[in-house]
Amino acid sequence: MSTTAAEFAGPPPLGRSVMVRPGQAEPAPWQGCERLRVQPDAFTLEVGRALRDAWMTRTPVVVELDGEIPDPATAWEARWWELGVGMTLRAEVLAHLLTANVVDARDPARPRFAPVADALRLGARARPSEGDGDGDVMTKSGPAWCDGGPLAAFDLPVGVIPAANLAAGSLGAMRLGTPQADLADDQRAAVGHLGGPACIVAPAGSGKTRVLTERARYLVRDLGVAPGALCLVAFNVRARAQMQERTADLDGLEIRTLNSLALAICNGSGPFARPARHGRVEVIDEMGVRQRLDGLVKRTRRAMTDQLAPWLEALSASRLGLHNPADVEQAFQPDVPEFTRIAPHYVDGLAADGLVDFDQQIIRAIEILLADPRARAAARRVCGVLLADEFQDLTPAHLLLIRLLAGPRADVFGVGDDDQTIYGYSGASPRWLIDYETYFPGAQRHPLHVNYRCPAEVVGAAVNLLSHNRERIDKQIVAATASVSADASNALVIAAGTDAATKLKDTITALIDGGVRPADIAVLSRVNSTLLVPQILLAELGIAADAPLGRGFLERTGVSAALAWLSLAVAPRRSLPPQALSDAARRPPRGISPRVIEWIGEQRSVPQVRALAGRISDERSARKVDEFADDVEMLLKRADDEHLSTRQILEFVRDQLGLGGSLDTRLDASRRSVDRSAHGDDLRALISLAHLHPDPAGFSSWLAERLAGSGTGDPTGFGVDDYGAQGRSGNWGSARRAGVRLATVHKVKGLEWPHVIVYEASAGLMPHRLAHDVEEERRVFHVALTRCSESVTLVCDDPPSSFVAELSKLAAPAPPERPVPGDPASALAGIGARPAAAAQSGAKRPKPEPPTDPQGTELFEVLRAWRRERSKADGVPAYVVFSDAVLIELAVRRPTSEAGMLAVSGIGPAKLAAYGADVAALIADA
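Let us look at the structure shown here. (Residues numbered from 1 in each chain as written. Predicted model: local features only at pLDDT ≥ 70, side-chain atom pairs only at ≥ 80, totals over all residues. Heavy atoms only, no water.)

**Topic: the packing of aromatic side chains**
Okay, so step 1: Scanning all chains against the criterion turns up 14 aromatic pairs.
Okay, so step 2: Taken together, a centroid distance of 6.3 Å and an interplanar angle of 45° make the contact between Phe8 and Phe113 tilted. Linking Phe8 in the segment before strand S1 (17–20) with Phe113 in the loop between strand S4 (102–104) and helix H3 (114–121), this pair joins segments that are 105 residues apart in sequence. In terms of burial, Phe8 and Phe113 fall into one category: buried.
Okay, so step 3: Summarising the aromatic geometry, the rings of Phe882 and Tyr915 are spaced 5.3 Å apart at their centres and angled 65° between planes, so their arrangement reads as edge-to-face. In this pair, Phe882 is assigned in the loop between helix H34 (878–881) and helix H35 (884–893) and Tyr915 in helix H37 (residues 909–925), connecting sequence segments 33 residues apart. Taken individually, Phe882 and Tyr915 each receive the classification buried, so the pair is uniform in this respect.
Okay, so step 4: A network of ring pairs unites the aromatic residues Phe391, Tyr436 and Phe440 as a single cluster. (Phe/Tyr/Trp six-rings, centres within 6.5 Å; stacked < 30°, edge-to-face > 60°. Helix = DSSP H or I, 4+ residues; strand = E, 2+ residues; numbered from the N terminus. Buried < 20%, exposed > 50% of the residue type's maximum accessible area, 1.4 Å probe, protein only.)

If you want it as structure tokens, here you go:
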């Protein structure tokens, strides 16, 4: 029996639309509905929005199609830098809007409704319609309607098969149900969301993982969504294991990391389709990447700890950031010469050999989804409903992968917290959540409000702290109870002073003496080298703890140089150690050639070094060697005359001999991100440790003994902590440790302990002096603060972090924010500058006002005049030298030291090296 278009109309709650030809009358059920004229060849944004609104809200419309339905099986081939996080396959979007929940009545004799056709292919039987209550098809469970709209549940006499189930090969109908778990009201609203994409803004301690896993349970167990239509996306292996544990009762549920999902797409594993033009691939690790780069990259004679490290970073920034290699080469100059040519060559070589590295898994999966419609369709059947964790941590490539998997239905349940975006160096951005509706049109927001983890005092402090950021979603965050700490006065403790190590010792011993287990304590730091003091201190106290640093720390450039000078200071004056002499001659750098440094290493005393200078014919080299002899002699005299301690010698080397300045301005100045310890941090940690062994003669051997056999074994000395952001280190954090946890803040996001100690919450580290984005640094501090369930202690050196003062006061209200133009992923976020959105928005921080006092006003004008002359001389715009905001801050603060200048927002080591001397002279004159 033939079916008429009217019989396909279904009950009103399904909201089906109808398609007719130009001038064709609409069937009776749609009479009086809005009529939309659609011309696929001249498709407009306004028409697209109207069609999507009709689909999202289940508002029946009459679609008058002037042309043909576009073929959704479009193919797109492009290099990764030609893609954008917001790109859309327009043909398939239009095809979806014209077919998903639209009855095709252009041929009145043969009307068609795509969801019914899908059900018939799956084995359902056509059912003659005898009224609205009868359904579209007959299944083994009885009659059912076939739905093409957003995921929803209906109170109808006949079951409704959702599009996600049909795509996954299931004829199971949806049930009408509510979440059965014991949830708070805000959590229940999020878990029970229906009607398309959703953005769940989940502040620290608000039960993010519980909401995500209960969402899966609600969909599968309570509503009847087929497990095969649902995919949970975890950010790393640890998160996946936690989700698997919490959903063990849901058979057939897929929980994948981003990379395992991408690799399955690359190889067509399991339910994914084998790509048409791509063979299977094998994965190479970082060592394999280095071996391949070795054949492409020319080594230089320039002294570097690891010459391939910038190449690894640049490859990741280009691919995961979807950045043009030419732009990345410019941002990384001079560390990656010819990157524009080498990056594509490296990637093409991987493809030719059937290989992928960690990042290329994502790029290759994107390329397959774009170029292979069959593989794309198969992937969407598996990922018809996506639940994505840690949304703020996605890179542009990750977000594009999720958008391609979701397709035009965009059924993505994204969970995250913009206030915990701390991986900006990898391309993560708070904009993914702030602008969620841009990427997933029609999305609804479900904010969570309650922090169930932290004491009320900590929650209040965190709210105050975050109020000083401008690039964020406004939130109302409260603690679960008035105070969840046994002693509210100890919930948030600020231990400030000049001896951070002693305050750390006192804090830990007080906790343990009070009955706290070591495993219930975490010591967190901004960078890994700062953990040197806690690691050695706890070992000296006999308290079990992690050992994140091994002997490789001693080989770090700044550390080895400082220890070389220390060795010279305590050595017999006529028998100076040769290796220490040559190492000291290299750092701080003097422009001495490697050959001459070898000659210096053959000497045994200062007189012999001076004699060497006299034998060198090159006047410049001779002068440099003589200056080195002066420095060694000055150090030896001070050590003999004043009986300097270990700390005093190291501080002398740092400040008087210039090792500290050379590390900051030469080795660390070109850093584009602060994702691991800088060389200056290593030296700072070494000096902080010195008081534990004040005798300089035995310090080096004492430290080597305590680092022997401990740590990660990582030759860089800063461990795998710094790669936790992308889950590269596997199942870190999955096992319960018996001792005190020592880790960087980046390593432990998502974890918690009863008692947390933030070590070195000090100026220069929080915010880090090399960081470009103070708002991200504030978010790092917030993540550290909110890892505790009972207490957090901030151990601060003098001066403390500027963030500490912000804990007790809300920021002034922000001015209205201007719209952010362009694609939020368009700038080189994380590899040299603030993210694009932060840089482009004029309302991120109050505009600084010029000083009003006479001296400050005069200095400001002097600085502006100097900037004009300097910009002309350098052939660059004035703002490239310093912005007005920097000049204002200089005129107000009038710093007299390098550290003071580095504390000025907008002055990093590179600008300090270029302009610091001029500015210091102008300030001194003023």
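**Considering the state of the cysteines**
Disulfide: a covalent bond connecting the sulfur atoms of a pair of cysteines.
Okay, so step 1: Enumeration over the complete set of coordinates arrives at zero disulfides.
Okay, so step 2: Looking at Cys231, it has no disulfide partner, and the nearest cysteine sulfur is the one in Cys383, 4.2 Å off. (Disulfide = S-S within 2.5 Å.)

**With respect to the sheet that holds strand S19 (residues 492–496)**
Strand pairing in a sheet is mediated by backbone hydrogen bonds. Such pairs are either parallel or antiparallel.
Okay, so step 1: The five strands are arranged S19-S23-S22-S20-S21 in an open sheet whose pairing can be described as parallel. The open sheet has two edge strands, S19 and strand S21 (741–744), and neither has a second partner. Here the strands of the sheet are splayed against their neighbours by 20° on average, with no regard to which way each runs.
Okay, so step 2: Here strand S20 (residues 521–525) pairs with strand S22 (residues 753–759) via four bridges, running parallel. (Pairing = 2+ DSSP bridges. Axes fitted to C-alpha atoms, helices over the stretch in contact; angles between N-to-C directions.)

**Thoughts on the environment of Ala708**
Okay, so step 1: Topologically, Ala708 is positioned in the loop between helix H29 (696–707) and S21.
Okay, so step 2: For the pair formed by Ala708 and Gly552, sequence separation is 156 residues and the distance between their alpha carbons is 9.4 Å.

**Brief notes about helix H21 (residues 557–570)**
Okay, so step 1: The end-to-end C-alpha distance of H21 is 21 Å, a good match for the 20 Å that 14 residues give at a rise of 1.5 Å each.
Okay, so step 2: Within H21, eleven of the 14 residues are buried, leaving the element largely enclosed by the surrounding structure.
Okay, so step 3: Taken together, the buried positions of H21 are occupied by Thr557, Gly558, Val559, Ala561, Ala562, Leu563, Ala564, Trp565, Leu566, Leu568 and Ala569. (Expected span 1.5 Å × (residues − 1).)

**Things to note about the sheet that holds strand S2 (residues 35–38)**
Okay, so step 1: Across the sheet, which stays open at both edges, the four strands sit in the order S2-S3-S1-S4 with parallel pairing between neighbours. At either end of the open sheet lies a strand with only one pairing partner, and these are S2 and S4. When the angles between neighbouring strand axes are averaged without regard to direction, this sheet yields 25°.
Okay, so step 2: Here S1 runs beside strand S3 (residues 62–65); their pairing, made up of three bridges, is parallel. Within S3, the position partnered with Met19 by the bridge is Val63.
Okay, so step 3: Contacting S2 and S3, helix H1 (residues 45–57) runs over the sheet at an angle of about 135° to S2.
Okay, so step 4: Sheet contacts for helix H2 (residues 90–99): S1, S2, S3 and S4; angle to S4, the most-contacted strand, approximately 85°. (Contact = heavy atoms within 4.5 Å.)

**With respect to the pattern of salt bridges**
Okay, so step 1: Per the stated rule, a full pass over the model turns up 58 salt bridges.
Okay, so step 2: As a salt-bridge pair, Arg706 and Glu705 come within 3.6 Å of each other at their nearest N and O atoms.
Okay, so step 3: The partly exposed category is assigned to Arg706, whose relative accessible area is 30%.
Okay, so step 4: Residues participating in the shared-partner salt-bridge network are Glu26, Arg35, Arg37, Glu64 and Asp66. (Salt bridge = Lys/Arg side-chain N within 4 Å of Asp/Glu carboxyl O.)

**Focus on the packing of helix H19 (residues 500–513) against helix H20 (residues 532–541)**
Okay, so step 1: Contact geometry for H19 and H20: axes closest at 11 Å, N-to-C directions at 50°. What the angle tells us is that H19 and H20 run oblique. Considering the relative orientation of H19 and H20, their crossing is right-handed. For the pair formed by H19 and H20, the contact residues are Ala501, Leu504, Lys505, Ile508 and Thr509 on the first element and Val533, Pro534, Leu537, Leu538 and Leu541 on the second.
Okay, so step 2: Residues of the contact of H19 with H20, tallied by class, amount to eight nonpolar, one polar and one charged. (Parallel < 35°, antiparallel > 145°, perpendicular 65-115°, else oblique. Left-handed = near helix turned anticlockwise from the far one by under 90°. Nonpolar A, V, L, I, M, F, W, Y, C, P; charged D, E, K, R; others polar.)

**Quick notes on the pairing of strand S10 (residues 230–234)**
Okay, so step 1: With five of five residues buried, S10 is to be regarded as a mostly interior element.
Okay, so step 2: A two-sided burial pattern is seen for S10, the buried positions comprising Leu230, Leu232 and Ala234 on one face and Cys231 and Val233 on the other.
Okay, so step 3: Pairing between S10 and strand S14 (residues 385–388): four bridges, direction parallel. Looking at S14, one finds that Leu232 is bridged to Leu387.
Okay, so step 4: Sheet topology note: the S10/strand S11 (residues 254–257) ladder contains four bridges and is parallel. What sits directly across from Cys231, in S11, is Glu254.
Okay, so step 5: Running through helix H7 (residues 237–246), the crossover from S10 to the neighbouring parallel element S11 is right-handed. (Right-handed = clockwise from strand over helix to strand, strands pointing away.)

**Remarks on the side chain of Arg217**
Okay, so step 1: Mapping Arg217 onto the fold places it in helix H6 (residues 208–223).
Okay, so step 2: Among residues more than four places away in sequence, those in contact with Arg217 are Asp222, Arg246, Thr247, Asp249 and Leu250.

**Topic: the packing of helix H8 (residues 258–267) against helix H15 (residues 396–406)**
Okay, so step 1: Taken N-terminus to C-terminus, the directions of H8 and H15 make an angle of 55°; their axes are 12 Å apart at the nearest point. If you check the angle between H8 and H15, you find them oblique. Of the two possible hands of crossing, H8 and H15 adopt the one that is left-handed. Between H8 and H15, the residues in contact are Leu258, Leu261, Ala262 and Ile265 and His398, Leu401, Ile402 and Leu405, respectively.
Okay, so step 2: Residues of the contact of H8 with H15, tallied by class, amount to seven nonpolar, one polar and no charged.

**With respect to helix H10 (residues 309–320)**
Okay, so step 1: For H10, spanning twelve residues, the distance from its first C-alpha to its last is 16 Å, which sits close to the expected 16 Å at 1.5 Å a residue.
Okay, so step 2: Taking burial as the measure, the twelve residues of H10 include eleven buried ones, the bulk of the element.
Okay, so step 3: Among the residues of H10, those classed as buried are Pro310, Trp311, Leu312, Glu313, Ala314, Leu315, Ser316, Ala317, Ser318, Arg319 and Leu320.
Okay, so step 4: Among the structural elements, helix H9 (286–294), helix H11 (325–332), helix H12 (339–352), helix H13 (358–371) and H15 are those in contact with the buried residues of H10.
Okay, so step 5: One or two residues past the end of H10 sits Leu322, with phi positive at roughly 55°.

**Considerations on the pairing of S14**
Okay, so step 1: Burial of the side chains of S14 extends over both faces: Val385 and Leu387 are buried on one face and Leu386 and Ala388 on the other.
Okay, so step 2: With three bridges joining them, S14 and strand S15 (residues 412–416) adopt parallel strand pairing. Bridge assignment links Ala388 to a residue of S15, and that residue is Gly414.

**Side note on unusual backbone geometry**
Okay, so step 1: In this structure, the amide linkage connecting Met766 to the following residue, Pro767, adopts the cis form with an omega of 0°.
Okay, so step 2: Positive phi is not limited to glycine here, since Arg58 has a value of about 55°.
Okay, so step 3: Note on placement: Arg58 falls in the loop between H1 and S3.
Okay, so step 4: Classification of Arg58 as buried rests on a relative accessible area of 12%.
Okay, so step 5: Of note, the phi angle at Leu322 is positive, near 55°, even though the residue is not glycine.
Okay, so step 6: Looking at the secondary structure, you find Leu322 in the loop between H10 and H11.

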